[in-house]
Number of protein chains: 4
Amino acid sequence: MANSRFEYVKSFERESYLLPSSWIVIRVDGRGFHKFSDKYKFAKPNDIRALNLMNAAAKALMNNITEVILAYGDSDEYSFVLGRNCQLFERREAKLVSTFASTFTANYITLWNQFFSKEPLDPTFLPTFDSRAVLYPTDQSLRDYLAWRQADCHINNLYNTSFWALVLKGGMTPNDAESELCGTISKDKHEILFTRFGINYNAENEMFKKGTLIIRELKDIAEAEMTATPVVSTHTGPAILSKRQLERIEKRRRKADINVLHTDIIKDDFWLERSWILKG
Amino acid sequence: MANSRFEYVKSFERESYLLPSSWIVIRVDGRGFHKFSDKYKFAKPNDIRALNLMNAAAKALMNNITEVILAYGDSDEYSFVLGRNCQLFERREAKLVSTFASTFTANYITLWNQFFSKEPLDPTFLPTFDSRAVLYPTDQSLRDYLAWRQADCHINNLYNTSFWALVLKGGMTPNDAESELCGTISKDKHEILFTRFGINYNAENEMFKKGTLIIRELKDIAEAEMTATPVVSTHTGPAILSKRQLERIEKRRRKADINVLHTDIIKDDFWLERSWILKG
Amino acid sequence: MANSRFEYVKSFERESYLLPSSWIVIRVDGRGFHKFSDKYKFAKPNDIRALNLMNAAAKALMNNITEVILAYGDSDEYSFVLGRNCQLFERREAKLVSTFASTFTANYITLWNQFFSKEPLDPTFLPTFDSRAVLYPTDQSLRDYLAWRQADCHINNLYNTSFWALVLKGGMTPNDAESELCGTISKDKHEILFTRFGINYNAENEMFKKGTLIIRELKDIAEAEMTATPVVSTHTGPAILSKRQLERIEKRRRKADINVLHTDIIKDDFWLERSWILKG
Amino acid sequence: MANSRFEYVKSFERESYLLPSSWIVIRVDGRGFHKFSDKYKFAKPNDIRALNLMNAAAKALMNNITEVILAYGDSDEYSFVLGRNCQLFERREAKLVSTFASTFTANYITLWNQFFSKEPLDPTFLPTFDSRAVLYPTDQSLRDYLAWRQADCHINNLYNTSFWALVLKGGMTPNDAESELCGTISKDKHEILFTRFGINYNAENEMFKKGTLIIRELKDIAEAEMTATPVVSTHTGPAILSKRQLERIEKRRRKADINVLHTDIIKDDFWLERSWILKG
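The rules we used
Numbering of residues starts from 1 in every chain and runs along the sequence as written. Following the order in which they are written, the chains are lettered starting with A and the ligands numbered starting with 1. Where local features are concerned, this predicted model is filtered to residues with pLDDT of at least 70; where side-chain atom pairs are given and counted, the filter is 80 or more; whole-chain, interface and lining totals use all residues. Derived side-chain values reflect all non-hydrogen atoms in the structure, with water molecules and hydrogen atoms excluded from consideration. UniProt positions are given in the numbering used here, feature names are shortened, and annotations may be inferred rather than shown by experiment. Only residues with pLDDT of at least 70 in both copies contribute their C-alpha atoms to the least-squares superposition of the copies. By the convention used here, residues are in contact when the closest approach between their heavy atoms is within 4.5 Å. For this analysis, a ring pair means two rings from Phe, Tyr or Trp (six-membered ring only for Trp) whose centres lie within 6.5 Å, classed as stacked if their planes differ by under 30 degrees, edge-to-face if by over 60, and tilted for the remaining angles. For every residue, the accessible area obtained with a 1.4 Å probe (protein chains only) is divided by the maximum for its type, and the residue is called buried under 20%, exposed over 50%, and partly exposed between those limits. What counts as a helix is a DSSP run of H or I of at least four residues, what counts as a strand is a run of E of at least two, and both are numbered from the N terminus. When the NZ atom of lysine or the CZ atom of arginine is within 6 Å of a ring's centre and also within 35 degrees of its normal, the charge is said to sit over that ring. Whenever a carboxyl oxygen of Asp or Glu lies within 4 Å of a side-chain nitrogen of Lys or Arg, that contact is scored as a salt bridge.

Chain A goes by tRNA(His) guanylyltransferase in an unreviewed UniProt entry, where it is assigned to Nadsonia fulvescens var. elongata DSM 6958. Looking at chain A in UniProt, the text filed under Function (unreviewed entry) is "Adds a GMP to the 5'-end of tRNA(His) after transcription and RNase P cleavage."

Written out as structure tokens, the structure reads:
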């Protein structure tokens, strides 16, 4: 072929395959969303339209990429969890990372008008997202990752709720509000909110306080997979399923309910109720 | 802080920094565009609306990410070239790869209606793109990469033009057309096109035959950079410029013309005319 | 400093840090040991001096690098296991891989004369070893790795014992011996050995059949670590121990017995008897 | 085969292939040589036996690994340069890094008695080396890497010569000597050496001041390679040579002189005299 003399350049491409048998988390982050939220007049401290749009885009991604087991999001970020044995794109890092960023972006933009009908997107100021893949080799480290994001959501939201109460209701300048909150602990912020503004933080919107969990309810499939008689019987290695079994499972994944929750994922309860997640 | 006991999970994140002083190529590829082009009724063998949309999305990306020096695209792919000393995102691979995929997708979708006004996007069947980053350490390997893509464009287009002529004008089945072309060389395909269908391949649309090159015309800036007195005089290492110089250069990058060409980039002429590209 | 203008080249160095909380296996392999074993007249199919030398070098390495929990070796290779939380060299891959190759080589050469007193090393034909690091995220995959190496040892040894019996005792040419064994299964080889040469394979040297396991007996330490009151109490993340606790543990590691075994590590028994290994 | 059910663990191995067409530098470093040099009573500030041993080990490595073009060493480190098109071990990083560490160690230990006949090696305190691979994509960055090491050698040696003169000849404590040198520039140290101890630094041993360069004199081969008619004629990509041509070149590499120099490699002269190095 005429192009063979150039084809050697293909050998400069390096693939990074993510370690097998580890949990994969792909976290998608809004790029420059501080400025973006100003431009499109997001309400402070939380814009419920923006959060619902994030959730809708994440759910759409999960409809499209059925390998995602669960997702957790808050603010302008979303973390998607792929199972230990997930073979999507042969676990190629760049392919995974770019596809999730692209798919999330595509849905976010397409869904925009449903949530921001009064704020049409300016073609020169579009929302974009970057993403990264992280491996978690143990179940505990995966749970701790999700706990980390939810604890972060809580801390940021308590701070932001207090800050914007001081600014918007208390009439403080941003600088003064910042000074006021400097050095305060959780209890102090609850106190400020309640005493000065009559806000009971515990009664705030659960989505603001806990973020959003989206879960594909695979209980039946997880059990089916475990009871399926693998083609090659083995107690080691990933069970090798027949093509027909794989298709049946893929069909069930597609049909599985996808639920949206605002619930505690730090404590054990959630994980005990859905013990199939870590077993699967 | 309350979340400190979970924060250790951050240590599981690995950054891959791309080797300094090498050319970076980021290639964005349409995902499943065979099916996608059927769904939205792309004309065969080339849909001029689809190609113009790709070009418009690439140009929009270059307006947004001023570090891109040039881009080459054909079919459903686009390659973006970043300079040897480019420090965008500290050369972090996942950040680069995901941002380019997201930004390209955002623009492609936003511009869709300008080019496909009669084919509104189905929210359950959106265009998405993956991407990868490849390093080229020598100028020759960068040129050969671009030559590889252009040679590929030519070969594919000659084949597709012949194939679809046989099918659409010659009334052949796809299978018969494939058999007919099997084993033919370039000359044979020219012959088939001319004799049977009166098509002079050489007179075909340059964009179809050569793909599209988008170039930020930085000649003046490249020269300015080279003549700028760096803060630390040195014949080695990247010249360190003052903050003011950097701002001036960034401003010029923003203002530089971005030209769209359909030209040969395999032979030397293009590179001699724009010798600042490889010098820069 | 005078050399600052060159120091930028340091930024071209990339560190690869191995994923935390995963088992690390470092496998050291003899380079060109086929030729090497001819040169130094290794007995076939097994040279007991050569195997004892490998074991002595591995044990010496474990005396030197106390982070190694256990090692398994056969023929000209040795696999060293580092714990999930091992922080040796901050888990830097090149540092680990090169240090193990160097330390193993240093001990192998230094111990050579004890085992091969009649075959002095030729300075132009020295033994060298390469090495690689592999991560195993689950306990099962670590066990399966070790089972893989031991199964491999068994298969190779049965083949080699049969092959060399045919050649050395049966007077066959190597080619004929190879043909004879082609297509035979385990049972056939046992039969050949017993019927033709009166060799009961099951009575062969355990070291030849099972390879060698070297284990640092850390039972007490593993328990001590688990019962130690960590400075920061937490059910997540690696327990943070006080400097004094760390020193005490390090001292115990140094003093721990290092045992050499030729035992089955495929079945559960070994792992149940030493359940602290996977718990640790 | 009986072991197939475990063989899946092989898929956990990741190879890192170093970018083609870039210079590879492999730097071997003594581990804990501060303590090591005390144990074996190295003379201060420079032990000529120890440096000659390093050089002999490096030369032996170059005799063994003919792909090394040149090496530069000082103190307890050595950097080996492999050419842009070097295909040794398919450019696999772990294989390269571990083999160089092992081969250097093997030769260092084997050659020890020639240089330290009065200090036999203690088997529990052996010399070991780690190593790393670094890529340099441009000729300038390779030169700057070597210049960096040589500038470092010079700076350290001037400091150490001054420090040990103050301690050994001036009777100062190490602490006082350190204070004395704190804040001094190059000129001050020359002055201290000359005025107080009658030492003319410029007359010191060139090996101490400049380190050691070992070069395989490949001029003829480089020219032969360039004039060889490649099997596939191409101005791009690495020329593909016939098997016979490759063998001829390999033979010449083996026969090429290996010279040991103590010369300036920072300035242009060295590189102009041996222009085939960067051309090759």
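Back to the write-up after that little detour.
Caption draft 1: The relation of the copies chain A and chain B, seen in detail. For the pair chain A and chain B, the best superposition has an RMSD of 0.0 Å and corresponds to a rotation of 180° with a translation of 0.0 Å parallel to the axis. Here the transformation between the copies is reduced to the relation of a two-fold axis. When the interface residues of chain A are mapped onto chain B, 100% of them again fall at the interface, so both copies present the same face.

Caption draft 2: Region of the structure containing the packing of aromatic side chains. Under the counting rule described, the total for this entry stands at 104 aromatic pairs over all chains. Summarising the aromatic geometry, the rings of Phe36(A) and Phe42(A) are spaced 6.0 Å apart at their centres and angled 90° between planes, so their arrangement reads as edge-to-face. Owing to a relative accessible area of 1%, Phe36(A) belongs among the buried residues under this scheme. Here Phe42(A) falls in the buried class, since its relative accessible area comes to 13%. Here Phe42(C) and Phe116(C) contribute two aromatic rings whose centre-to-centre distance is 5.2 Å and whose plane-to-plane angle is 20°, an arrangement assigned as stacked. Of this pair, Phe42(C) sits in the loop between helix H1 (33–39) and helix H2 (48–64) while Phe116(C) sits in the loop between helix H3 (93–115) and strand E4 (129–136); the two residues are 74 residues apart in sequence, bridging distant segments of the chain. Seen from the ring of Trp148(C), Arg149(C) lies directly overhead, with NZ or CZ sitting 4.3 Å from the centre.

Caption draft 3: The arrangement of the pattern of salt bridges in detail. Residue and element names in this part refer to chain C. A full pass over the atoms with the stated rule returns 80 salt bridges over all chains. In this structure, Glu-15 engages Arg-92 in a salt bridge whose closest nitrogen and oxygen atoms are separated by 3.7 Å. Residue Glu-15 is found in the segment before strand E1 (23–30), and its partner Arg-92 is found in the loop between strand E3 (77–82) and H3; the two are separated by 77 residues along the sequence. A relative accessible area of 31% means that Glu-15 is categorised as partly exposed.

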